[in-house]
Amino acid sequence: MALVCANCSNSAVAECSGCYRVCYCSPQCQRAHWGRHKEACLQATVQNGRTGTSSSSTAEVDDSCPSFGAGPDARIAGPITTKPAPYDVYLAGERSVAIAQNVVDCLKAKGLCIVKAGADSVFTRALLLEANQLWKNGSFQEAHKGRPDSVRSGEVHYDVRDDKVVWFSSQWMQEHEKSARALKVLEGQLGDFGLGLNKLLEEQLGLSLRRRSCGMLSCYDGDSKPGARYDFHVDNPYMTSMEVPDDKRRLTLVYYINEPDWDVDRDGGALQVCLSNPRKAPRTTAEAMKSERVTVAPTCDTMAVFFSHTMYHAVLPVTSNRRRFALSTWFQCP
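Enquirer: Explain the packing of helix H2 (residues 97-110) against helix H6 (residues 198-205) to me, and be specific about the residues and the numbers.
Expert: The N-to-C vectors of H2 and H6 enclose an angle of 45 degrees; their axes lie 10 Å apart at closest approach. Comparing the axis directions of H2 and H6 gives the class oblique. Our pair here, H2 against H6, has a crossing hand that is right-handed. Counted together, Val97, Ala100, Gln101, Val104, Asp105, Leu107 and Lys108 of H2 and Leu200, Leu201, Gln204 and Leu205 of H6 form the full contact between these two elements. Its residues placed into classes, the contact of H2 with H6 shows seven nonpolar, two polar and two charged.

Structure below.
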């Protein structure tokens, strides 16, 4: 059933991120309708145990208009259970078809595989030292996220993200060869790992991986941006109600570069993934959030592998003043 805008009755692309009970076609329509919707929205927010934009269970309800986009990109609201899930796969010292099959089996079953990568402590320490040094010398740049103003719209609205990033282009790597040696090795290893799954994915799911993006090092800094987060979204949301063009991304790899003692209850910053149908993305975030949600702790040497085009996920708020680093890359089909 098509979503209908509560303000203008045109096709809607997102649900209200406060109550998830009405839909809108654009931020403009949501703001125009807020005066009529406000009282019902706030009542629903209290009934559902959510408290607006706050992550505290004792916070006052925020009566400002919720953010647009409880479709492919929704706000995280209310108390969140963050007990981390266990690892699905432990990588051995040698490459193994059996290990690759275990990863693919997890992807087939739930769209997500949590991996203990098995890097030694000297290497992981070098990764963290390089990432921190890049942060201190100003290498990280502002990042943006875009969304169309309406279904199939050519007009895209860009918002500043809470994290800052470094893209590991070939030119950047050449210019920073001495300061990012371990990171360069890791970036290559992630590429080899993802493409190494291609044969099994192709044979068992008909999913071909032919190329990948360069690596993206991200940092959510709890000191300069308290509560830094990234709300629920799909990396390649072409199946969702946004109906954007397919950018061909099919597999996401995220490797965490943090201290071994990172604790999601104290430090926050966990990855949370909605375990909906791994073969077909829910149309909206509200639909995705009816599914079980799995929490991945961003601890040292943990890697999350998931489908880019079907799995809704979020970075939960960083609640300490620590820096949360991760290196990501995306694999594309032809």
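Anyway, onward from the coordinates.
Enquirer: Any chance you could break down the confidence of the model for the protein for me, citing the residues and the numbers?
Expert: Close reading of the predicted structure is inappropriate where its pLDDT is low. Mean pLDDT over the protein: 85, with 80% of residues reaching 70 or higher. Confidence drops under pLDDT 50 across residues 46-62; counting only partners more than four residues distant or on other chains, this segment forms 31 contacts.

Enquirer: Break down the packing of aromatic side chains for me, citing the residues and quoting the values.
Expert: Per the stated rule, a full pass over the model turns up five aromatic pairs. Here Phe168 and Trp172 contribute two aromatic rings whose centre-to-centre distance is 5.0 Å and whose plane-to-plane angle is 20 degrees, an arrangement assigned as stacked. Clustering of aromatic rings is evident, with ring pairs tying together Trp135, Phe140 and Phe325.

Enquirer: I'd like to hear about unusual backbone geometry, residue by residue, with values.
Expert: Even without being a glycine, Lys248 presents a positive backbone phi close to 75 degrees. By secondary structure assignment, the location of Lys248 is in the loop between strand E10 (230-233) and strand E11 (249-256). Take Lys248: its relative accessible area is 30%, and that puts it in the partly exposed class. A positive phi angle is found at Asp301, which is not glycine, with a value near 70 degrees.

Rules behind the numbers
- Residues numbered from 1 in each chain as written.
- Predicted model: local features only at pLDDT ≥ 70, side-chain atom pairs only at ≥ 80, totals over all residues.
- Heavy atoms only, no water.
- Axes fitted to C-alpha atoms, helices over the stretch in contact; angles between N-to-C directions.
- Helix = DSSP H or I, 4+ residues; strand = E, 2+ residues; numbered from the N terminus.
- Parallel < 35°, antiparallel > 145°, perpendicular 65-115°, else oblique.
- Left-handed = near helix turned anticlockwise from the far one by under 90°.
- Contact = heavy atoms within 4.5 Å.
- Nonpolar A, V, L, I, M, F, W, Y, C, P; charged D, E, K, R; others polar.
- pLDDT = per-residue confidence, 0-100.
- Phe/Tyr/Trp six-rings, centres within 6.5 Å; stacked < 30°, edge-to-face > 60°.
- Buried < 20%, exposed > 50% of the residue type's maximum accessible area, 1.4 Å probe, protein only.

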